[in-house]
Amino acid sequence: MQADRTAELTTRLEQHILILDGAMGTMIQRQGLQEADYRGSRFATHAHDLKGNNDLLLLTRPEVIRAIHAEYLAAGADIIETNTFNSTRVSQADYHLEAIVYELNVAGAQLARAVCDEFTARDPARPRFVAGVIGPTSRTASISPDVNDPGYRNTSFDELVGTYAEAIRGLCDGGADLLLVETVFDTLNAKAALFAIERHFDETGRRWPVMISGTITDASGRTLSGQTAEAFWNSLKHVRPLSFGLNCALGAGELRQYVEELSQLCDCFVSAHPNAGLPNAFGGYDETPAQLAAEIADWARKGFVNIVGGCCGTTPEHIAAIASRVAGVKPRAIPQIERKLRLSGLEPFNVGKESLFVNVGERTNVTGSRAFARMILEGRFDAALAVARQQVENGAQVIDINMDEAMLDSQAAMDRFLKLIASEPDIARVPIMIDSSKWEVIEAGLKCIQGKGIVNSISMKEGEAEFLRQARLARRYGAAVVVMAFDESGQADTYTRKTEICARAYQLLTEQAAFPPEDIIFDPNIFAIATGIEEHNHYAVDFIEACSWIRAHLPGAQISGGVSNVSFSFRGNDPVREAIHTVFLYHAIQAGLSMGIVNAGMLGVYDELDPVLREKVEDVVLNRRPDAGEALVEFAQTVREGQARDSGPDLAWRELPVEERLSHALVKGITDFVVADTEECRAALEAEGKPPLSVIEGPLMNGMNVVGDLFGAGKMFLPQVVKSARVMKQAVAHLIPFIEAEKLRTGVRSKGRIVMATVKGDVHDIGKNIVGVVLSCNGYEVIDLGVMVSCDKILHAAREHAAQAVGLSGLITPSLEEMSHVAAEMERLGFAAVVDGGSPVPLLIGGATTSRAHTAIKIAPNYSGPVVYVPDASRAVGVVTRLLSIDHAAAFRDEIVADYAKVRAQHANKKGIPLVTLQTARSKRFVWNNDPSYRPAVPKKPGLHVLRNVDLAILADFIDWGPFFSDLGSCRQLPEDPRRCRGRPDRPRRFQ
C-alpha cells in the first residue's frame, strides 16, 4: 500500500496543470497482438477466447503494458492510469475470468507504480502519480436492456458495489496514489463505485484522492443515461472529489462547452481527456497532436482545467504536444461557489437564497392519495406513472414518492416504481423525494436513483446514534435529508420544542456527521388548525415563527413541510382547504419556508380569494381571535353549500366582458372556455378593423401582466403560472391560423431572421412564444429552438440560418448566468464582427427575472455587439425594427450603449447604508422623558373617514414620486411629469 500522497498531489495541482496519459487501447492495437499473446502460458488451455481482454496482458505480457506506461511518462505525463479499465467481475465475466479480478488490479497498480517511481527517481522535482482506474462495467443500473420491460435491470446497485469493492481493494493494495472512476455513462453505476470507495476508506481508516470523469455521449450534452453535465456534478459532489471532469466520446472541440461549464460549477479541480476528434468511417481518429493540443491549450489559457490528457485515439505524440502547449500556463483557480441545495434528476435543480418556493408534488404517495394507492396495489404502474407525469407537467419541481401501505410490499414497490420512472425522461428530469417511515424502504429507493434526491425523513426519535447512522448513509448515497422536528420525547408541537430540536439536530449533523448545512431540510411539523382544541390554535403561528428562527440561526438549512396537514380539520370542503393552504403559504414563505409537499390543484391566488373567507382564514392561521376557529367552521358551511356541494363550479365570471373573462381564465388557469372567448374577442376586434394579433397584444398580454405581477409578489406559485401558460398557449394556438391568413392577405415579406431560445437550465417558454408570434406577424422569420437549449446549439443555429438577431429567454435565476455565458461565447466566436459591410448580430434579452439593470451590468459587458433588454412582447417589434434598420440602427445602438454605461456607472457609485457600532447606536437611542404633564394631541375629527369620488389628478400632485424612480436606477431619470408613468408606480421600467 502506497503512503498517503494527497498533500503532495494537491500542491502540484495548485502550481501546475498536470498531464494525464493517453489511450491504452490505441497503443495496444499498435502491437498487433494475437490470441496467444493474451493467453500466455497460464491461460493456454482456457475454454474461452481471450483476445481483446487488454487487462489480462498485465499477467501475460506485462512488458507491453510497462513499455506503454514508460512512453507516456517520457512524453510528459504526470499521472499514469492503471490498465484496469475492465478489471471488475462484471466485465471479466465476459471472458469467464471473474476469479482473477483482485489479482489484475494489484498487478495493474504495482506495474504502474514501478514505472512511475523510476521516472520520479530520475527527476525528484517532478513526482509521478498512479491513478487506479475503475471503469464503468458493461452494464447499466439505470437503463433496462429489455425493451419490453423498462423496469428490468441486468445488474443491481448492491452487485455493483460488490464488484467495485474487490477492484478498489486490489488497486489500493497494489500501490495506487489515487482512484479514478472513469468514463461514467450511468451516474448510478458511479454512485455504486463511490459507495464502495467510501466504505473501503472506513475499513482501512484512511482516504485516497478520488478523480471522477464522466462521458458526454453525443451532441445532446448528456450522459448515456440522460443526465446533463451539471446534474452529473450535483449527483456526485458529495464525495468531495479531488477532481471532476469529462473524457471519451467526443473530441476536444465538441467537449469544450461542457468542460467550461464544469469549470464554473466545481469547487474542486477539473480534468478533461478527450478523444483525438470524432471517429472516422473506419473507427479511427484523425485529429493530429497539434490540433488536439491547440484546443486544449486554449482551455488552459481560459482557466478551464487543472488536469488534461487524452482518451481514444491519442498517443504519446498527442500527450507530448499537449504537455508542451500547456507548460507554464497557470492552472485553473478553484472558484468560490455559492452554497446551495443542489439536487438533480436528469437535470439540475438548485435551491438558494434567491430561489422561489419549491413545490414538491404529493400525489405519488399511497398514504395521501387513495387513487394512487389503488393503482399500486392493483399493479397498474402505467397509470401510476401518468400521475407522476401530471405532477411534473403541473409544475412540481420535486416529486414525493411514498409506498407505505400495510397491504403492500413497500420495498419492492418503491424499487419497481423508481426503475420505471428512470425510463421516463419527462418525469425523471426532476429530483425524487423518497418518503417512508421505514429506513429499509428509503435505502431501497436510494439504490435506484442516479440523481441527487431527498430522503424524507430522518429524526432523533430513536436516539442520536441511529439518527447519525442514517444521516451518514444518506450522505454516502448522495442525498439531501429532511429532518423532522422529532426526538426521543415525541414530535415538536410548540415553537420552543421545534427550535430546540432543530438546533440540536443541526449541531449533530454538521459537527459529527460532516453533513453540509445546505443539504439539511428541516420540517418543523405542520399540524392541523381549527380543530376545536384550544392548544392547537397556535400551531400555524408556531410553525411560521419557527421558520423565521431557523432562517436566522441555522445558516444554509432549508425548510419544508406537508402543507395539506394544516387544513386537515376541513377535509371534504376543498374550497376552504384551498384557502387555508393559500393563506398559510403566503405567510410561511415570507417567514422562510422554502419548499412544501403540496397538491398544486389545491392552491389559490391570495388576492383572488373571497375577501370574507380570506379574513376568516387569516384569523385562524395567525390566531388573531380566540373564536377564529369557530367562526371559520360556521362560515365554512356556507362555502360548502355554495361551492363544494354545488352542481358545478361558480361561473359568475362568465358574465364579465370578454377581455376580463380572458384575464380571469389566465389568472385561474381555466382552459374550458378560452378558445371560445379568444374567438369572440378576435371577431369583435376584426369588426373594428384590427388584426388577429391585437388579441395577443391587448387582452391576452394584459392578463399575463397580471399573472406576472402576482407571481412576483409571491401571491401566485409556479404551478399556477404553468397553468396560466397553458391557457395562453391554447389561445395563441387558436389565433395562429388567422394570423397566418392575415400575413398572406397583406403579403408580408421577411424583414429579417431571428433565432430564439430558452437557455439551458430553463424550461419556461410562454413569454418567448408570444414574442415569436408577435415578431412573425410583423414580418420577421423566427427560428424557435425551444427550451433547455445549450449555448453551442443556439450559436450553431444562428450561423446556420444567418440570423440577423439572437433572442434569449428565461424565467429562473440561473438563466441569467447562462445568458452571460452565451454573450461571452458570441464575442469569442466573432458575432460582433462586421463582415462584408454587415453589422454585428444583436443579442436580445427577455424573461421574468431579467431586467435592464442586470442586462447592462452582467450581460452587455461580455459582448461588444448590441445587447438589448426587451421588457415584454409588446416592445419586441420596435426594438428589432430599430436594430435592423439601415437608417436607425447605428443611432439606436449608440443610445443603448450610452444608456447601459450610465446604468453601470450608477450601480458602481451606489453606496450601502452607512453603519455605526452597536455601542454608538445605543448611545443615540430615543429617550422618553416620561413627562407626566404631556398629553397627546387629540384629532379634530376622530374616527374613520371615507373620501369618495376624488379626482386622481388632484391626488397625483400630493404624491412624492421620487422613491418610485430611484430603485436601483431602473428608470432613466425622474420625468418632468411623473403622471406619465403608465401602469404600476413600482414598475418604473414602463415609463414612456
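Each remark here, short or long, concerns the structure printed above.
**A word on the overall build of the protein**
A tally of regular secondary structure across the protein gives 36 helices and 25 strands. At 32 Å, the protein has a C-alpha radius of gyration in line with the 30 Å of a compact globule built from 992 residues. Referenced to the eigenvectors of the C-alpha coordinate spread, the extents of the protein come out at roughly 110 × 80 × 70 Å. Looking at the protein as a whole, 55% of its 992 residues qualify as buried.

**Here we look at the environment of Gln 470**
Along the chain, Gln 470 falls in helix α19 (residues 464–477). On the basis of relative accessibility, which here comes to 8%, the residue Gln 470 falls in the buried class. Measuring from C-alpha to C-alpha, the distance between Gln 470 and Met 414 comes to 18 Å, with 56 residues separating the pair along the chain. If sequence neighbours within four positions are ignored, Gln 470 has contacts with Trp 439 and Ile 458.

**Describing the packing of helix α7 (residues 101–122) against helix α8 (residues 157–174)**
With their axes 7 Å apart at the nearest point, α7 and α8 run at an angle of 30 degrees to one another. Between α7 and α8, the angle falls in the class roughly parallel. For the element pair α7 and α8, the recorded crossing hand is right-handed. When α7 is examined against α8, the residues Val 101, Tyr 102, Asn 105, Val 106, Ala 109, Gln 110 and Arg 113 are found in contact with a partner set consisting of Glu 166, Ala 167, Arg 169, Gly 170, Leu 171, Asp 173 and Gly 174.

**Regarding a nonpolar patch on the surface**
Taken together, the side chains of Leu 947, Val 950, Leu 952, Ile 954, Leu 955 and Phe 958 define a hydrophobic patch exposed on the protein surface, amounting to about 690 Å² of accessible area. Of note, Phe 958 is situated in the segment after α36 (952–956). Owing to a relative accessible area of 70%, Phe 958 belongs among the exposed residues under this scheme.

**Some thoughts on the sheet that holds strand β22 (residues 780–784)**
One open sheet accounts for 5 strands, arranged β22-β21-β23-β24-β25; its pairing is parallel. In this open sheet, the two edge strands, each paired with only one partner strand, are β22 and β25 (867–869). The average undirected angle you get between the axes of adjacent strands in this sheet is 25 degrees. For strand β21 (residues 752–758) and strand β23 (residues 805–809), the ladder comprises 5 bridges, and the chain directions are parallel. The partner of Val 755 across the bridge, within β23, is Val 806.

**Considerations on the packing of aromatic side chains**
Tallying each qualifying case throughout the model produces 13 aromatic pairs. Between Phe 157 and Phe 195, the ring centres sit 5.8 Å apart and the planes meet at 75 degrees, which makes this aromatic pair edge-to-face. In this pair, Phe 157 sits in helix α8 while Phe 195 sits in helix α9 (residues 187–204), placing the two residues 38 residues apart along the sequence. Since its relative accessible area comes to 5%, Phe 157 is described here as buried. Residue classification places Phe 195 among the buried residues on the basis of a relative accessible area of 8%. Plain terms: the ring middles of Trp 233 and Phe 244 are 4.9 Å apart, the flat faces sit at 75 degrees to each other, and that makes the pair edge-to-face. Highlighted residues: Trp 233 in helix α10 (residues 229–236) and Phe 244 in strand β6 (residues 243–251), separated in sequence by 11 residues. Within the aromatic cluster, the residues linked to one another by ring pairs are Phe 157, Phe 195 and Tyr 477.

**Remarks on helix α18 (residues 439–446)**
Residue pairs three or four apart in sequence face the same way in an α-helix, which turns once every 3.6 residues. For α18, the buried fraction is high: 7 of the 8 residues fall into the buried class. Taken residue by residue, α18 has Trp 439, Val 441, Ile 442, Glu 443, Ala 444, Gly 445 and Leu 446 as its buried positions. Residues of α18 that are buried sit in contact with α16 (410–422), β13 (432–435), β14 (454–458) and α19.

**A closer look at the sheet that holds β13**
The strand order across the open sheet built from 8 strands is β19-β18-β15-β14-β13-β12-β11-β20, with neighbouring strands paired in parallel fashion. Across the chains shown, the open sheet's two edge strands, defined by having one partner strand only, are β19 (558–559) and β20 (595–598). As paired elements, β14 and strand β15 (residues 480–484) share 4 bridges and run parallel to each other. Paired with Ile 458 across the two strands is Val 483, which belongs to β15.

**Some words on the state of the cysteines**
All told, the structure shown has 0 disulfides when counted by the stated rule. Free of any disulfide, Cys 116 has its nearest neighbouring cysteine sulfur in Cys 172, separated by 16 Å.

**Quick notes on the environment of Arg 222**
Summarising the element assignment, Arg 222 is placed in the loop between β5 (210–214) and α10. In sequence terms Arg 222 and Phe 232 are 10 residues apart; their C-alpha atoms lie 8.9 Å from each other. Sequence-distant contacts of Arg 222, defined by excluding residues within four places in its chain, comprise Thr 215, Ile 216, Thr 217, Gln 227, Thr 228, Leu 346, Glu 347 and Met 788.

**Regarding the pattern of salt bridges**
Per the counting criterion, the structure on display carries 51 salt bridges. The residue Asp 202 makes a salt bridge to Arg 476 at a minimum N-O spacing of 2.3 Å. Residue Asp 202 is found in helix α9, and its partner Arg 476 is found in helix α19; the two are separated by 274 residues along the sequence. Taken together, the shared-partner salt bridges in this structure form one network comprising Arg 5, Glu 8, Arg 113, Asp 117 and Asp 177.

**A closer look at the nonpolar core**
Within the largest apolar cluster, 189 residues are counted, with the highest numbers of intra-cluster contacts made by Ile 399, Met 403, Phe 417, Ile 421, Phe 522 and Phe 584. One finds Val 789, Ala 798, Val 868 and Val 880 within the second-largest nonpolar core, a separate group that totals 83 residues.

**Digging into the side chain of Gln 2**
Of note, Gln 2 is situated in the segment before α1 (6–15). When near neighbours in sequence (up to four residues on either side) are disregarded, Gln 2 contacts Arg 113, Cys 172, Gly 175, Ala 176, Asp 177 and Arg 206.

**A few points about the pairing of strand β18 (residues 520–523)**
Burial along β18 is two-sided: Ile 520 and Phe 522 facing one way and Ile 521 and Asp 523 facing the other are all buried. For β15 and β18, the ladder comprises 4 bridges, and the chain directions are parallel. Within the sheet, the bridge partner assigned to Met 484 lies in β18 and is Asp 523. In this sheet, β19 lies alongside β18 in parallel orientation, the contact comprising 2 bridges. Residue Ile 521 lies in a different strand from β19, and its bridge partner there is Gln 558.

**Looking at the side chain of Ser 820**
Mapped onto the secondary structure, Ser 820 falls in helix α31 (residues 814–828). The residues contacting Ser 820, other than those within four sequence positions of it, are Lys 858, Ile 859 and Asn 862.

**Brief notes about α9**
With 18 residues, α9 should cover 26 Å at 1.5 Å per step; its first-to-last C-alpha distance of 25 Å lies within 8% of that length. Counted residue by residue, α9 has 14 buried out of 18 residues, so it is predominantly covered. Of the residues flanking the start of α9, the one acting as N-cap is Asp 186, its side-chain oxygen 2.9 Å from the backbone nitrogen of Leu 188. Positive backbone phi, at 80 degrees, marks Gly 205, one or two positions downstream of α9.

**Overview of the packing of helix α32 (residues 852–859) against helix α34 (residues 889–909)**
Packing of α32 against α34 brings their axes to within 9 Å, and their N-to-C directions diverge by 85 degrees. Viewed along their axes, α32 and α34 adopt a mutual orientation that is roughly perpendicular. Two secondary-structure elements touch here, α32 through Arg 852, Ala 853, Thr 855, Ala 856 and Ile 857 and α34 through Asp 899, Tyr 900, Val 903, Arg 904 and His 907. Class assignment of the residues belonging to the contact of α32 with α34 gives a composition of 5 nonpolar, 2 polar and 3 charged.

Rules used throughout
- In this numbering scheme, every chain counts its residues from 1 along its sequence in written order.
- Local features in a predicted model are, by the rule used here, given only for residues with pLDDT of at least 70; side-chain atom pairs are given and counted only at 80 or more, and totals for whole chains, interfaces and linings are based on all residues.
- The side-chain values count all of the structure's non-hydrogen atoms but skip hydrogen atoms and water molecules.
- Working definition: helices are DSSP H or I runs of at least four residues, strands are E runs of at least two. Numbering for both runs from the N terminus.
- What the globule rule says is 2.2 Å times the number of residues to the power 0.38, and the radius of gyration is computed from C-alpha atoms.
- Whether a residue is buried, partly exposed or exposed follows from its accessible area with a 1.4 Å probe, protein chains only, as a fraction of its type maximum: under 20%, in between, or over 50%, in that order.
- A contact between two residues is defined here by any heavy atoms of the two lying within 4.5 Å.
- To define axes, lines are fitted to C-alpha atoms, for helices over the stretch in contact only, and angles between the resulting N-to-C directions are given on a 0 to 180 degree scale.
- Roughly parallel here means an angle under 35 degrees, roughly antiparallel means over 145, roughly perpendicular means 65 to 115, and every remaining angle is called oblique.
- Definitions for this section: a left-handed crossing has its near helix turned counterclockwise from the far helix by less than a right angle. A right-handed crossing has that turn clockwise.
- Patches here are clusters of residues that have more than 30% relative accessible area and form no salt bridge, with a 9 Å joining cutoff for like charges and a 5 Å cutoff for nonpolar side chains (Val, Leu, Ile, Met, Phe, Trp, Tyr).
- In these tables, accessible area is a Shrake-Rupley quantity obtained with a 1.4 Å probe, and a residue counts as shielded only by the protein chains included in the view.
- Salt bridges are counted wherever a side-chain nitrogen of Lys or Arg sits within 4 Å of a carboxyl oxygen of Asp or Glu.
- Think of it this way: DSSP has to see at least two bridges between two strands before they count as a pair.
- Each pair of aromatic rings taken from Phe, Tyr and Trp, with Trp reduced to its six-membered ring, is defined by centres within 6.5 Å and is described as stacked if the planes are under 30 degrees apart, edge-to-face if over 60, and tilted in the remaining cases.
- Cysteine sulfurs are considered disulfide-paired once they come within 2.5 Å of each other.
- What we call a nonpolar core is a set of buried Ala, Val, Leu, Ile, Met, Phe, Trp, Tyr and Cys residues that are connected through their side-chain atoms within 4.5 Å.
- By this rule, a helix spans an expected 1.5 Å times one less than how many residues it contains.
- What qualifies as a polar contact is a pair of N or O atoms within 3.5 Å, subject to a donor-acceptor requirement within protein and to the restriction that residues adjacent in sequence count only when both atoms come from side chains.
- Nonpolar residues are Ala, Val, Leu, Ile, Met, Phe, Trp, Tyr, Cys and Pro. Charged residues are Asp, Glu, Lys and Arg, and all others, Gly as well, are polar.

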